[in-house]
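Fold and contact review
Each chain is listed here by its residues.
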Amino acid sequence: MAQGRTFTFNDPDRYAAGFRDASVKLTITGAGDFSAKLTQLKLEHLEVRWCHESLPRIAHISLSLKRLFLSFPVGRMSPIIDGSPLGNRDIVLHGLGKSMHQRSGRECEWGLISISPQHLTDCSEALNGWPIPSPHASRILRLPRAEVTRFQRIFKQARQMADARTRLIERPEVARALEQEMFHTIVHLLDADGANDNSRKRHNHAAIMARFEEALPRCLDRKVRLPALCSEVGVPERTLRMCCADFLGVSPTRYLLLQRLNKARSALQRADASTTSVTEIAQKHQFVELGRFAVNYRTTFGETPSTTLEREPLPSAKSAEGA
């Protein structure tokens with residue numbers, strides 16, 4: 001049975017937890033109040049998401065080994081994926097179990113489709129007489145202009161169907177027809193295989209960034225200098241700087257600082273101002289120089305740490321994940 005819902009969020013942690021079959025880590029990089037909308041349509045073998053976020057951010061998204069994913073821009077407010085700006089004719093086919101970095105310098109909209117690899121194989125064999133192998137590396141597909149309109153039309157139909165007010169989701173024949181049309185379109189696109197970027201260099205850089213993300217959690221709770229971080233990732237400092245500039249738009253140390261600031265902000269947003277102080281939270285997140293912490297915090301988020309603390313607390317991270 002088809003299921004469709006639209007969720008709205010004012011908390012990056014809650015929003016990230018809403019993806020379920022993908023691990024999403026958001027690092028907010030701009031000032032303002034966060035808001036996001038996530039529309040989901042779950043069909044028998046396919047799930048469609050439409051995502052809208054209000055603030056600049058860097059997202060590290062780790063994808064499931066059990067599903068095949070395609071991501072693509074929606075409208076003109078599209079994120080940059082693994083250092084590649086996407087046009088409205090581009091779709092990213094992600095390798096099984098791979099991760100990606102998305103970044104945006106403003107609000108953005110994007111789409112994500114996850115499908116059953118086995119059902120895609122069955123559909124390809126039925127339509128073409130041969131299976132489409134599951135990809136081991138991600139690549140960008142450039143759609144022919146004639147296919148762009150068709151794909152966008154189908155995606156719009158999926159969004160409309162997810163809206164409970166249309167009541168389309170209550171009609172099983174509509175859901176089956178939409179899923180079949182989406183699979184036919186995806187098979188056609190993958191069979192055409194208009195790869196835009198399959199360079200070994202980019203795949204190598206993606207592997208470096210994956211190792212970098214694996215190393216970061218071990219660095220957030222202690223002071224780590226860049227040479228030690230490069231040694232842990234296994235690359236020269238120049239290479240890591242180049243990869244981070246390309247994929248993240250910031251240096252490795254700036255990204256590490258942004259992550260610590262985001263964690264401190266999340267703690268401030270959930271703390272009780274009557275029992276917790278800014279100093280306690282800052283020191284817990286390895287900010288020893290409180291004046292510098294306050295300046296970096298205000299520059300990044302547009303308000304002082306004390307202003308954040310004095311607001312009505314957000315729900316705990318644990319309850320956010322279960323929402």
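Up top is the structure.
Residues numbered from 1 in each chain as written. Predicted model: local features only at pLDDT ≥ 70, side-chain atom pairs only at ≥ 80, totals over all residues. Heavy atoms only, no water.

**Some thoughts on unusual backbone geometry**
Backbone geometry at Asp-82 places phi at a positive 50 degrees, although glycine is not the residue there. In this structure, Asp-82 sits in the loop between strand E7 (80–81) and strand E8 (84–85). The exposure class of Asp-82 is buried, given its relative accessible area of 13%. One non-glycine residue with positive phi stands out, namely Gln-286, at about 70 degrees. Among the secondary structure elements, Gln-286 is positioned in the loop between helix H9 (278–284) and helix H10 (290–301). (Helix = DSSP H or I, 4+ residues; strand = E, 2+ residues; numbered from the N terminus. Buried < 20%, exposed > 50% of the residue type's maximum accessible area, 1.4 Å probe, protein only.)

**Structural notes on the side chain of His-101**
With respect to the helices and strands, His-101 occurs in strand E10 (residues 99–104). Here the side chain of His-101 touches Glu-213 through a polar contact of 2.7 Å, side chain to side chain. (Polar contact = N/O pair within 3.5 Å; in protein donor to acceptor, adjacent residues only side chain to side chain.)

**Considerations on the nonpolar core**
In terms of nonpolar packing, the biggest core is built from 37 residues, with Tyr-15, Phe-19, Ile-61 and Trp-110 touching the most fellow members. If you list the elements that add at least two residues to this core, you get helix H1 (12–17), strand E2 (22–28), strand E3 (36–42), strand E5 (57–63), strand E11 (108–115), helix H8 (252–270), H9 and H10. If you look at the next biggest cluster of nonpolar residues, it comprises 35 residues, including Ala-162, Ile-169, Phe-183 and Ile-186. (Core = buried A, V, L, I, M, F, W, Y, C linked by side-chain atoms within 4.5 Å.)

**Observations regarding the packing of aromatic side chains**
In the structure shown here, the tally under the stated rule is eleven aromatic pairs. With 5.3 Å between their ring centres and 80 degrees between their planes, Tyr-15 and Phe-19 make a pair best called edge-to-face. As far as burial versus exposure is concerned, Tyr-15 and Phe-19 are alike and both buried. Here the aromatic rings of Phe-293 and Tyr-297 are separated by 5.7 Å at their centres, their planes lie at 55 degrees, and the arrangement is tilted. Taken together, the positions of Phe-293 and Tyr-297, both in helix H10 and four residues apart, correspond to about one turn of that helix. (Phe/Tyr/Trp six-rings, centres within 6.5 Å; stacked < 30°, edge-to-face > 60°.)

**Topic: H8**
Counted at 1.5 Å a residue, the expected span for H8 with its 19 residues is 27 Å, and the 28 Å between its end C-alpha atoms agrees. Counting buried positions along H8 gives 15 out of 19 residues, so the element sits mostly inside the fold. (Expected span 1.5 Å × (residues − 1).)

**Describing helix H7 (residues 237–247)**
All of the buried residues in H7 are Leu-240, Cys-243, Cys-244 and Phe-247. Summarising the axial view, the buried residues of H7 lie within an arc of 95 degrees, below the 170-degree limit, and thus occupy one face. Looking at the buried positions of H7, the neighbouring elements they touch are E10, helix H5 (200–215), helix H6 (226–233) and H8. Two residues or fewer after H7 comes Gly-249, characterised by a positive phi angle close to 80 degrees. (Arc of directions from axis to C-beta. Contact = heavy atoms within 4.5 Å.)

**Digging into the pairing of strand E4 (residues 46–53)**
Within E4, eight of the eight residues are buried, which leaves the element mostly enclosed by the surrounding structure. Residues Leu-46, Val-48, Trp-50 and His-52 of E4 are buried on one face, and the alternating residues Glu-47, Arg-49, Cys-51 and Glu-53, pointing to the opposite face, are buried as well. Examined bridge by bridge, E3 and E4 share seven bridges and lie antiparallel to one another. Paired with Leu-41 across the bridge in E4 is Val-48. Where E3 folds back onto E4 in an antiparallel hairpin, the turn is made up of three residues. Where E4 and E11 come together, eight bridges link them in antiparallel fashion. The residue bridging Leu-46 from the neighbouring strand is Ile-115, located in E11. (Pairing = 2+ DSSP bridges.)

**Observations regarding the pattern of salt bridges**
Counted under the stated rule, the structure contains 16 salt bridges. Residues Arg-49 and Asp-21 are paired through a salt bridge, measuring 2.7 Å at the closest nitrogen-oxygen approach. Separated by 28 residues along the polypeptide, Arg-49 in strand E4 and Asp-21 in the loop between H1 and E2 bring together distant segments of the chain. Using a relative accessible area of 0% as the deciding quantity, one classes Arg-49 as buried. Notably, a salt bridge pairs Glu-289 with Arg-292, separated by 3.7 Å at the nearest N-O pair. For Glu-289, a relative accessible area of 47% puts it in the partly exposed group. When salt bridges with common partners are traced through the structure, they connect Asp-33, Arg-265, Glu-303 and Arg-311 into a single cluster. (Salt bridge = Lys/Arg side-chain N within 4 Å of Asp/Glu carboxyl O.)

**Some thoughts on the environment of Asp-122**
Note that Asp-122 resides in helix H2 (residues 117–128). The class for Asp-122 is partly exposed, based on a relative accessible area of 37%. As for Asp-122 and Ile-132, which are separated by ten residues in sequence, their C-alpha atoms are 9.0 Å apart.

**Some details on the environment of Met-100**
Take Met-100: it is sitting in strand E10. Classification of Met-100 as buried rests on a relative accessible area of 0%. Separated by 27 residues in the primary sequence, Met-100 and Pro-73 place their C-alpha atoms 14 Å from one another. Met-100 has contacts with Ala-59, His-60, Ile-61, Ser-71, Ile-81, Asp-82, His-94 and Leu-112, leaving out every residue within four places of it along the chain.

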